Amino acid sequence: MYPTVRLRRARNTEWIRDLLAETIVLPQHFIQPFFVIDGINKREEVVTMPGVERLSIDLLVEKAREASELGIKLIALFPVIDNSLKNDEGFEAFKEDNLICRAVRAIKAEKINIGVLCDVALDPYTIHRHDGIVKDGDVHNELTIEALQKQTITLAKAGADIVAPSDMMDGRIGAIRKALDLEGYFGVNIMSYAMKYNTNLYGPFRDAVKSTPTTGAQYLSKATYQADYRVGCKQAYREVELDVAEGADMLIIKPAMFYLDIINNISNVVDVPVIAYQVSGEYAMIKYGAEQGFLNWENTMMEAFVAFRRAGATAVFTYAGMEMAKFLNNKK
Ligand code: PBG
């Protein structure tokens, strides 16, 4: 009891605070997403995500090399598809020379020491911007799974190391594992977006990939497949249990900051790595706070990353991965 016990003794110098730090964040914990566009030597600012750019493949390859040199182990690629290449079924997703496949091949051809992850979902390719095939006014589970199997094989052929189904259809992990194994892609990992909430925080991403609705917000509601944010750990646990049984190698919980309870509970009960996805809205909130001068950008981002890892996440998707890796490397 006080005054014999004084907890401030554990905080009274920098070295003792460092000594007692339990949660460490390193560049190797960051998964860096990139938005890919067609063209040569082209870069475009993402207006809603200051500091984030869309890059043509040649510039992307340079960034991938830089990311590897900074200590980042995995990058995630999101294609920005021209409207003329979109239709109701997302046909462009199955073409072996589409933008994302060319991007993966270009990075792999350079033998850069970094993993490449590709999202599996049709939303970059569909006119209605849903993640799957729409039938009778809703995304059809079985038709979508078939399409996702095809999309996965196209990505695996291009050389993707990890496929990340982000569509939230039932049964897709098993179907995708089966398709990969049938084609002999035993080594391709599946990182499942196991519990992906229908959050308000995806807005800037949809701007980045130019998939903001044209036909009214209602039309784009993903509420019939992404999880309702009012449900908690029980439904998350069922999603996770099924994905693990179907062959998921790693799981994503998304978003991260408002869902630390889910990250914590799930990582306590499953024996596969749990990954936190700091989504575009989380990035933007902290970025705009910093731009307004009332948050310190780097320190606030570090606090968020520590929170994700403290909750039990192994790695973190963050749009600020390279920037924060530089920050950490310079501190050494
Ligand atoms: C699409 C997809 C989304 C994100 C990743 N993959 C958006 C959505 O479901 O509409 C969101 C990422 C972010 O906001 O950072 N399947």
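Quick caveat: nothing in here was measured; it's all calculated off a predicted structure. (Residues numbered from 1 in each chain as written. Predicted model: local features only at pLDDT ≥ 70, side-chain atom pairs only at ≥ 80, totals over all residues. Heavy atoms only, no water.)

Participant: Looking at this structure, I do not really get the overall build of the chain. What am I missing?
Facilitator: When helices and strands are tallied, the chain shows eleven helices and twelve strands. Over its C-alpha trace the chain gives a radius of gyration of 20 Å, about what one expects of a compact globule, namely 20 Å for 332 residues. The buried share among the 332 residues of the chain stands at 52%. If you take every contact in the chain between residues at least 6 apart in sequence, the share linking residues at least 24 apart comes to 75%. Of the roughly 15,600 Å² that the chain leaves accessible, carbon and sulfur atoms contribute 51%. Placing the 38 positive and 44 negative side-chain charges of the chain at their respective mean positions leaves the two points 5 Å apart. (Helix = DSSP H or I, 4+ residues; strand = E, 2+ residues; numbered from the N terminus. Rg over C-alpha atoms; globule rule 2.2 N^0.38 Å. Buried < 20%, exposed > 50% of the residue type's maximum accessible area, 1.4 Å probe, protein only. Contact = heavy atoms within 4.5 Å. Areas by Shrake-Rupley, 256 points an atom, 1.4 Å probe, with all protein chains shown as cover. Lys, Arg positive; Asp, Glu negative; His and termini not counted. Charge placed at Lys NZ, Arg CZ, Asp CG, Glu CD.)

Participant: Would you mind showing me how to read the packing of aromatic side chains here?
Facilitator: Where two aromatic rings form a pair, the distance of their centres and the angle of their planes describe that pair. Throughout the structure, instances matching the rule amount to twelve aromatic pairs. Plain terms: the ring middles of Phe35 and Tyr319 are 5.8 Å apart, the flat faces sit at 10° to each other, and that makes the pair stacked. Placement of Phe35 in strand 1 (residues 30-37) and of Tyr319 in the loop between strand 12 (315-317) and helix 11 (321-331) is noted, with a sequence separation of 284 residues between them. Phe35 gets classed as buried once you look at its relative accessible area, which sits at 1%. (Phe/Tyr/Trp six-rings, centres within 6.5 Å; stacked < 30°, edge-to-face > 60°.)

Participant: Honestly, the site of the ligand in this entry has me stumped. Any pointers?
Facilitator: Of all residues adjacent to the ligand, which total 17 residues, the nearest are Ser166, Arg206, Lys254, Ser280 and Tyr319. One nitrogen or oxygen atom from the side chain of Asp119 is found 3.2 Å from a nitrogen atom belonging to the ligand. One of the side-chain N or O atoms of Ser166 is found 2.8 Å from a nitrogen atom in the ligand. If the ligand stood free it would expose 400 Å²; the protein chains cover 100% of that surface. (Near = heavy atom within 4 Å. Polar contact = N/O pair within 3.5 Å; in protein donor to acceptor, adjacent residues only side chain to side chain.)

Participant: What am I meant to see in the pairing of strand 10 (residues 250-254) here?
Facilitator: Walk down a regular strand and you will see the side chains alternate between the two sheet faces. Most of strand 10 is tucked away: five of the five residues are buried. Along strand 10, one buried face is formed by Met250, Ile252 and Lys254 and the opposite face, lined by Leu251 and Ile253, is buried too. Pairing between strand 9 (residues 189-196) and strand 10: five bridges, direction parallel. In the strand pairing of strand 10, Lys196 is matched with Lys254. Sheet topology places strand 10 next to strand 11 (residues 274-277); three bridges connect them, and they run parallel. Opposite Ile252, over in strand 11, you have Ile275 as the bridge partner. The parallel pair strand 10 and strand 11, bridged by helix 8 (residues 260-269), forms a crossover whose chirality is right-handed. (Pairing = 2+ DSSP bridges. Right-handed = clockwise from strand over helix to strand, strands pointing away.)

Participant: Got a minute to help me understand helix 11 in this structure?
Facilitator: Every α-helix carries 3.6 residues per turn, so stepping three or four residues along brings you back to the same face. Those residues of helix 11 lying buried are Gly321, Met322, Met324, Ala325 and Leu328. Taken around the axis of helix 11, the buried residues stretch over an arc of 165°, which confines them to a single face. Away from the buried face of helix 11 by more than 90 degrees, exposed residues Asn330 and Lys331 are located. (Arc of directions from axis to C-beta.)

Participant: Sorry if this is basic, but what is going on with a positive patch on the surface here?
Facilitator: The grouping of Arg6, Arg8, Arg9 and Arg11 at the surface amounts to a positive patch. Assignment of secondary structure puts Arg8 in the segment before helix 1 (14-20). Overall, the relative accessible area of 68% leaves Arg8 in the exposed class. (Patch = residues over 30% accessible without salt bridge, like charges linked within 9 Å, V, L, I, M, F, W, Y side chains within 5 Å. Salt bridge = Lys/Arg side-chain N within 4 Å of Asp/Glu carboxyl O.)

Participant: So what exactly am I meant to see when it comes to the pairing of strand 1 here?
Facilitator: By the criterion of burial, strand 1 is predominantly enclosed, with eight of the eight residues buried. Relative to strand 3 (residues 53-56), strand 1 runs parallel, the two being bridged by three bridges. Pairing of Val36 across the sheet is with Leu55, part of strand 3.

Participant: Sorry if this is basic, but what is going on with unusual backbone geometry here?
Facilitator: What you tend to see is this: most non-glycine residues have negative phi, and most peptide bonds are trans. Of note, the amide linkage connecting Tyr2 to Pro3 takes the cis form, showing an omega dihedral of 10°. Here Pro3 is to be found in the segment before helix 1. Note the cis peptide between Lys254 and Pro255, where omega equals -10°. Take Pro255: it is sitting in the loop between strand 10 and helix 8. The residue Lys111 is not glycine, and still its phi comes out positive at about 55°. Take Lys111: it is sitting in the loop between helix 3 (99-109) and strand 5 (115-120). Of the residues examined, Lys111 reaches a relative accessible area of 72% and is grouped as exposed. In this structure, Met168 is a non-glycine residue whose phi angle is positive, near 65°. Here Met168 shows up in the loop between strand 8 (162-165) and helix 5 (172-182). Owing to a relative accessible area of 5%, Met168 belongs among the buried residues under this scheme.

Participant: Quick question: what am I supposed to make of the state of the cysteines here?
Facilitator: Note: disulfide means a covalent bond formed between the sulfur atoms of two cysteine side chains. One pass over the structure, following the stated rule, counts zero disulfides. Unpaired in terms of disulfides, Cys101 finds its nearest cysteine sulfur in Cys118, a separation of 7.3 Å. (Disulfide = S-S within 2.5 Å.)

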